[in-house]
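Secondary and tertiary structure notes
Now for the letters of each chain:
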Amino acid sequence: MVAKVNADKYRKLGSKYGVDGFPTLMLFIHGVPIEYTGSRKADLLVRNLKKFVAPDVSILESDSAIKSFVENAGTSFPMFIGFGVNESLITEYGGKYKKRAWFAIAQDFSEELMMAYGFDKAPALVALHPKYNEQSVFYGPFEGRFLEDFIRQSLLPLTVPINTETLKLLDDDDRKVVLAILEDDSDENSAQLVTVLRSAANANRDLVFGYVGVKQWEEFVETFDVSKSSQLPKLLVWDRNEEYEQVDGSERLEEGDQASQISQFLEGYRAGRTTKKKVSGPSFMGFMHSLVSMNSLYILMFVVALLGVMLYFSGQDDTPQLRRIHDE
């Protein structure tokens, strides 16, 4: 069911659900209101809404059903497929993380499909990130917090390209971020470094690994005292808020064996051989939250400018009349 409300007219209703800007999209799942913050492009909006009304956990009973599930899910959300996993173990997290991922239980599957998804025994939980061409496997234990920790840590790709969209995802994660700052995150050298970072991320799941290019987001990297003239690539550990740490002696990556350098960086960080610094300017979570209101600011600036133009031309129209009165 889709409905629209004129919250200027029905202000009490808008206030009841915390609506303070327009347009606002609200989803009501079992009567619980949730603000929709995903893409508003038509095709992605439809796909996201289909995600919200889909079952918390899909049951797949054949190879063809598994392939169809993966194809229909698209690339907007990560997927978790339990192969031979008890359905009751996944159901809880399928509901809890419904907004952020697809969940399914595969009850029957072939050895060929096991090879395709990179696992050799069951039960196994496979995490897929089609958008980033990543997948990982969890063999257990499925008790306690081990299962949820794997799911929560796998909601993000192993290496996160830092931009306005992914920063919003980081806001829901309590891990610190190993941040690689590059000159241009789209060039060949950066692609090779990201591959090395991915291996480090797989072995250090208690940290998020991200990367950003000065060319792609100069305003962001400047808060870490980095500019186009800085020696790059540079590594640091960011708390996702106001502080970051540099590892003494491992401030930047030299040419050569970058895998060993990243290992030394992580060893130094875990040993506490770091220097803490403050981000310059406001915290970047604060910056991200301020981005929400940027559109409102632009609209306000436009309205003020428009009023100024109207007043100017209004004054121009009145000037001859005033002159005539003065002359009389």
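The structure presented is a predicted model; accordingly, all values stated were derived computationally and were not measured. (Residues numbered from 1 in each chain as written. Predicted model: local features only at pLDDT ≥ 70, side-chain atom pairs only at ≥ 80, totals over all residues. Heavy atoms only, no water.)

Some details on the nonpolar core
Worth spelling out the cut-off: Nine residue types can take part in a nonpolar core, namely buried Ala, Val, Leu, Ile, Met, Phe, Trp, Tyr and Cys, and a core is a set of them joined through side-chain atoms within 4.5 Å. Buried means the residue's accessible area, taken with a 1.4 Å probe over protein chains only, is under 20% of the maximum for its type, while exposed means over 50%, and partly exposed covers the values in between. For helices the rule is a DSSP run of H or I covering at least 4 residues; for strands it is a run of E covering at least 2, with both sets numbered from the N terminus onward. Contacts between residues were defined by any pair of non-hydrogen atoms, one from each residue, lying within 4.5 Å.
Core analysis: the largest hydrophobic core is formed by 21 residues, its most contacted members being Ile162, Leu179, Ile181, Val212, Phe220, Phe224 and Trp238. At the level of elements, helix H7 (164-170), strand S9 (177-182), strand S10 (208-213), helix H9 (218-221) and strand S11 (234-238) are the ones that each hand at least two residues to this core. In terms of residue count, S9 provides more of this core than any other element does, 3 residues in total. Not counting the four nearest positions on each side in its chain, Ile181 is found in contact with Val212, Val214, Val221, Phe224, Val226, Leu232, Pro233, Lys234 and Leu236.

Some thoughts on the side chain of Ser250
Looking at the secondary structure, you find Ser250 in the loop between strand S12 (243-247) and helix H10 (258-270). With relative accessibility at 14%, the residue Ser250 sits in the buried group. Apart from residues lying up to four places away in sequence, Ser250 is in contact with Leu235, Gln264 and Phe265.

Re the layout of surface pockets
Filter applied, for reference: Points on a 1 Å grid over protein atoms alone make up a cavity when a 1.4 Å probe fits among them but cannot get out, and a pocket when they form an open set with protein on both sides within 12 Å along at least five of seven lines; lining residues each have an atom within 4 Å of a point. Grid points are joined across faces, edges and corners, and a volume is the space filled by probe spheres set on the points. Throughout this entry, Asp, Glu, Lys and Arg are counted as charged residues, while Ala, Val, Leu, Ile, Met, Phe, Trp, Tyr, Cys and Pro are counted as nonpolar. The remaining residues, Gly among them, count as polar.
Volume-wise, the second largest pocket comes out at about 950 Å³. Taken together, 24 residues form the lining of the second largest pocket, with Ala3, Leu25, Met26, Leu27 and Phe28 sitting closest to its centre. Per-class residue counts for the lining of the second largest pocket are 19 nonpolar, 3 polar and 2 charged.

Here we look at the packing of helix H8 (residues 188-203) against H10
Condition: Interaxial angle, 0 to 180 degrees, is taken between N-to-C directions of lines fitted to C-alpha atoms, where a helix line uses only the stretch in contact. For classification, angles of less than 35 degrees are called roughly parallel, those exceeding 145 degrees roughly antiparallel, those between 65 and 115 degrees roughly perpendicular, and all remaining angles oblique. Handedness of a crossing is defined here by the sense of rotation of the near helix relative to the far one, left-handed for an anticlockwise turn of less than a right angle and right-handed for a clockwise turn.
Relative to each other, H8 and H10 sit at 45°, their axes nearing to 10 Å. By the angle between their axes, H8 is oblique relative to H10. In the crossing of H8 with H10, the sense of the turn from one axis to the other is right-handed. For the pair H8 and H10, the contacting residues are Leu193, Val196, Leu197 and Ala200 in the first and Gln258, Ala259, Ile262 and Leu266 in the second. Looking at the contact of H8 with H10 residue by residue, the class counts come to 7 nonpolar, 1 polar and no charged.

Points about the pairing of S9
Going by this rule: Strands pair, by our definition, only if DSSP identifies at least two bridges between them. Viewed with both strands pointing away, a crossover whose connecting path from the first strand over the helix to the second turns clockwise is right-handed.
Burial of S9 is extensive: 6 of the 6 residues sit out of reach of the surface. Residues of S9 alternate between two faces, with Val177, Leu179 and Ile181 on one and Val178, Ala180 and Leu182 on the opposite face, all of them buried. One ladder, built from 6 bridges, connects S9 with S10; its direction is parallel. Bridge pairing in S10 links Ala180 to Tyr211. For the crossover that starts at S9, traverses H8 and ends in the parallel S10, the hand is right-handed. Pairing of S9 with S11 involves 5 bridges; the strand directions are antiparallel. Counterpart to Val177 in the pairing with S11 is Trp238.

Observations regarding the environment of Lys99
Its location among the elements puts Lys99 in the loop between helix H4 (87-96) and strand S5 (102-106). The exposure class of Lys99 is partly exposed, given its relative accessible area of 44%. Note: C-alpha distance between Lys99 and Leu49 (50 residues apart in sequence) is 9.9 Å.

Side note on the side chain of Ser136
How we decide: Polar contact is the term for a pair of N or O atoms within 3.5 Å; when the atoms are in protein, one must be able to donate a hydrogen and the other to accept it, and sequence-neighboring residues count only if both atoms are side-chain atoms.
By the element assignment, Ser136 lies in strand S7 (residues 134-138). Ser136 sits in the buried class, given a relative accessible area of 14%. A distance of 3.3 Å separates polar atoms of two side chains, one belonging to Ser136 and the other to Arg205. With near-sequence residues (within four places) excluded, Ser136 lies in contact with Leu125, Val126, Ala127, Phe150, Ser154 and Arg205.

Note that all results are geometric; they support no functional claim without further evidence.
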